[in-house]
Amino acid sequence: MVDTILCIDCGTTSLKAALLSDKYTVEAYSKQDFDAPGADAWFRALCRAVRELKEKNPDAGIEAVCVSGNGPTLVLDGGLECGDGKNRTLLWNENPVPLRPMPKDVAESHSMFIPRLWLLREMFPDDWKRAHHIFSGPEYLIFALTGTPLSILPDARYRPAYWNCDELLRSGFGEDDVQKLPPFVGMGEFAGKVSAKSAIATGLFEGTFVFCGAPDFIVALIGTGTLFPGMVCDRAGSSEGINLCTSEPLFAPGVRTLPHPVPGLWNASVIIEKSGTRRLESEAGKNAVLSDFAQGVGVLRDAAREKKIPFSNALVMTGGQCRDESWIRQKALRAGVRIDVPWCSDGELIGDLILARVALGDFDDIQEAAMCLCKVKKSYGNI
């Protein structure tokens, strides 16, 4: 029997799950499209994924579970059964129009969650009142598995982008509203054990350890090993983000800098909107995306050079675009870089594996774990 971690990443339209070993093997893989909008469909997708994984490899042992996902998606939990269609969800990319305009101080908040919380309350006032908890992203699935309410904060430096009690009160939320938001825990923290009820629903063993992942872009940085200054990765799915790990904030036109999951480091990125879809629409669309990619790499490289920050010409690529070898070669040629593809093309899942292995005590920290678990499967282009 091969010991594995059940790695789960909850996306906008589908859930990806895999049984990953620390021997660089994907023992089983499942991608489940959501059968309906909202968080209840996530749990149903998870149940289907576990069944498929077990059918594909009944001999793989599941040592623990780690869950990551997108944000700032919000879910109102009313204490109802998972999958019953009653837990209201506001996806990160949904922008419904409320009956009254958003207050200026809320709209201009540095928090990416407070405006979404305000909108969620406006759109579903009755569900808001009934809600026991408000979850963001993958925390709903963790709650469904363990019964533990929590909010994942990837690094203390992200606190202004999330929320705090004082700012919530200044934004018009009451004490009862604030109490609905679960306490913060760090990424990789132990969340609890699979409950008896969830074991029956999913087919997982009761008592299996469940660990907190992180937002999807954070686990992608971890899973591609982009954890040391100068290292670069390309998150390439339906849209794209080229990310550079730096030792200091990097500010330049078109570059967004955020805290890195490693304390003291930063992540500078260039975003390419809808690259995965545009490249398939036409030859002109494909050429435009190739140009955008080359330009994005150049923008980051030039900004790094100006600050005397190292920049690797070997990029680690992750996401759905990794499955098209011809496309990877074209990107490498156009940008003049080498593109490395990891042993699991979904780097988010490797990031979940790393967080779980650190939590289980197999490694001291994510950098040590990444040096052991981030392995290149194939390289394209030359440097």
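In case you missed it, the structure is sitting above this.
Residues numbered from 1 in each chain as written. Predicted model: local features only at pLDDT ≥ 70, side-chain atom pairs only at ≥ 80, totals over all residues. Heavy atoms only, no water.

Draft legend 1. Spatial organisation of the sheet that holds strand S10 (residues 190-193). Strand order in the open sheet formed by 6 strands is S3-S2-S1-S4-S11-S10, and the pairing between neighbours is mixed. Among the strands making up the open sheet, the edge pair consists of strand S3 (26-33) and S10. Each strand axis lies, on average, 20° off the axis of its neighbour in the sheet, ignoring direction. When S10 meets strand S11 (residues 209-215), the two strands line up antiparallel, connected through 3 bridges. The partner of Phe-190 across the bridge, within S11, is Phe-211. Helix H9 (residues 216-223) rests against strand S1 (3-10), strand S4 (61-69) and S11 of the sheet, and its axis sits at about 100° to S11. Its contacts with the sheet place helix H13 (residues 347-359) against S1, strand S2 (14-20), S3, S4 and S11, and it is angled at close to 130° to S1. (Pairing = 2+ DSSP bridges. Helix = DSSP H or I, 4+ residues; strand = E, 2+ residues; numbered from the N terminus. Axes fitted to C-alpha atoms, helices over the stretch in contact; angles between N-to-C directions. Contact = heavy atoms within 4.5 Å.)

Draft legend 2. Layout of the nonpolar core. Core analysis: the largest hydrophobic core is formed by 91 residues, its most contacted members being Leu-6, Ile-8, Leu-15, Leu-20, Trp-42 and Leu-141. Looking at this core element by element, the count peaks at 10 residues for helix H1 (residues 39-56). Core analysis: the next-biggest nonpolar cluster, separate from the first, contains 26 residues, Val-232, Val-297, Ala-304 and Tyr-380 among them. (Core = buried A, V, L, I, M, F, W, Y, C linked by side-chain atoms within 4.5 Å. Buried < 20%, exposed > 50% of the residue type's maximum accessible area, 1.4 Å probe, protein only.)

Draft legend 3. Up close: helix H11 (residues 283-306). Taking 1.5 Å of rise per residue, the 24 residues of H11 would be expected to cover 34 Å, and the 35 Å separating its terminal C-alpha atoms lies within 8% of that figure. Of the positions making up H11, those classed as buried are Gly-285, Lys-286, Val-289, Leu-290, Phe-293, Gly-296, Val-297, Gly-298, Leu-300, Arg-301, Ala-303 and Ala-304. (Expected span 1.5 Å × (residues − 1).)

Draft legend 4. Just H9, in detail. When you tally the buried positions in H9, you get 8 out of 8 residues, the bulk of the element. Among all positions in H9, only Asp-216, Phe-217, Ile-218, Val-219, Ala-220, Leu-221, Ile-222 and Gly-223 are buried. Looking at the residues trailing H9, positive phi occurs at Gly-225, about 75°.

Draft legend 5. Quick peek at the packing of H13 against helix H14 (residues 366-373). Between H13 and H14, the least distance of the axes is 9 Å, while the angle of their chain directions is 125°. On the basis of the axis angle, H13 is oblique to H14. At the point where H13 passes H14, the crossing takes the right-handed sense. Touching Ile-350, Leu-353, Ile-354, Leu-355, Arg-357 and Val-358 of H13 are Ile-366, Ala-369, Ala-370 and Leu-373, all from H14. Considering only residue class, the contact of H13 with H14 consists of 9 nonpolar, no polar and 1 charged. (Parallel < 35°, antiparallel > 145°, perpendicular 65-115°, else oblique. Left-handed = near helix turned anticlockwise from the far one by under 90°. Nonpolar A, V, L, I, M, F, W, Y, C, P; charged D, E, K, R; others polar.)

Draft legend 6. Representation of the sheet that holds strand S15 (residues 266-272). Strand order in the open sheet made by the 7 strands is S14-S15-S13-S12-S16-S17-S18, with mixed pairing throughout. Looking along the sheet, the strands with just one partner apiece sit at the ends: strand S14 (256-259) and strand S18 (376-380). Here the strands of the sheet are splayed against their neighbours by 30° on average, with no regard to which way each runs. In the sheet, strand S12 (residues 232-236) pairs with strand S13 (residues 240-246) via 5 bridges, with the strands oriented antiparallel. Residue pairing for S13: Ala-236 is matched across the bridge by Glu-240.

Draft legend 7. Spatial organisation of unusual backbone geometry. For the bond from Gly-71 to Pro-72, the omega torsion is 5°, close enough to zero to count as cis. Within the element layout of this structure, Pro-72 appears in the loop between S4 and strand S5 (74-77). A positive phi angle is found at Lys-274, which is not glycine, with a value near 55°. By the element assignment, Lys-274 lies in the loop between S15 and helix H10 (275-281).

Draft legend 8. How the structure looks around the state of the cysteines. Applying the stated criterion across every chain yields a total of 0 disulfides. We note that Cys-7 lacks a disulfide partner, and the nearest cysteine sulfur, in Cys-66, lies 6.5 Å from it. (Disulfide = S-S within 2.5 Å.)

Draft legend 9. Fine view of the environment of Lys-307. Counting through the fold element by element, Lys-307 comes out in the loop between H11 and strand S16 (314-318). Each C-alpha atom of the pair Lys-307 and Cys-344 lies 33 Å from the other, and the pair is 37 residues apart in sequence. Beyond its immediate sequence surroundings of up to four residues, Lys-307 is in contact with Glu-248 and Leu-250.

Draft legend 10. Region of interest: the packing of aromatic side chains. Scanning the entire structure with this criterion turns up 15 aromatic pairs. With a centroid separation of 5.4 Å and an interplanar angle of 85°, the aromatic rings of Phe-113 and Trp-163 are classed as edge-to-face. Pair noted here: Phe-113 is in the loop between helix H2 (104-107) and helix H3 (114-123) and Trp-163 is in the loop between strand S8 (151-153) and helix H6 (165-170), with a separation of 50 residues, a long-range link. For Phe-113, a relative accessible area of 2% puts it in the buried group. Relative to Trp-163, the ring of Tyr-162 has its centre 6.0 Å away and its plane inclined at 50°; by these criteria the two rings are tilted. Owing to a relative accessible area of 5%, Trp-163 belongs among the buried residues under this scheme. These aromatic residues form a ring-pair network of at least three members: Phe-34, Trp-42, Phe-135, Tyr-140 and Phe-143. The ring of Phe-293 has Lys-331 sitting right over it, with the charged end atom 4.4 Å from the ring centre. (Phe/Tyr/Trp six-rings, centres within 6.5 Å; stacked < 30°, edge-to-face > 60°. Lys NZ or Arg CZ within 6 Å of the ring centre and 35° of its normal.)

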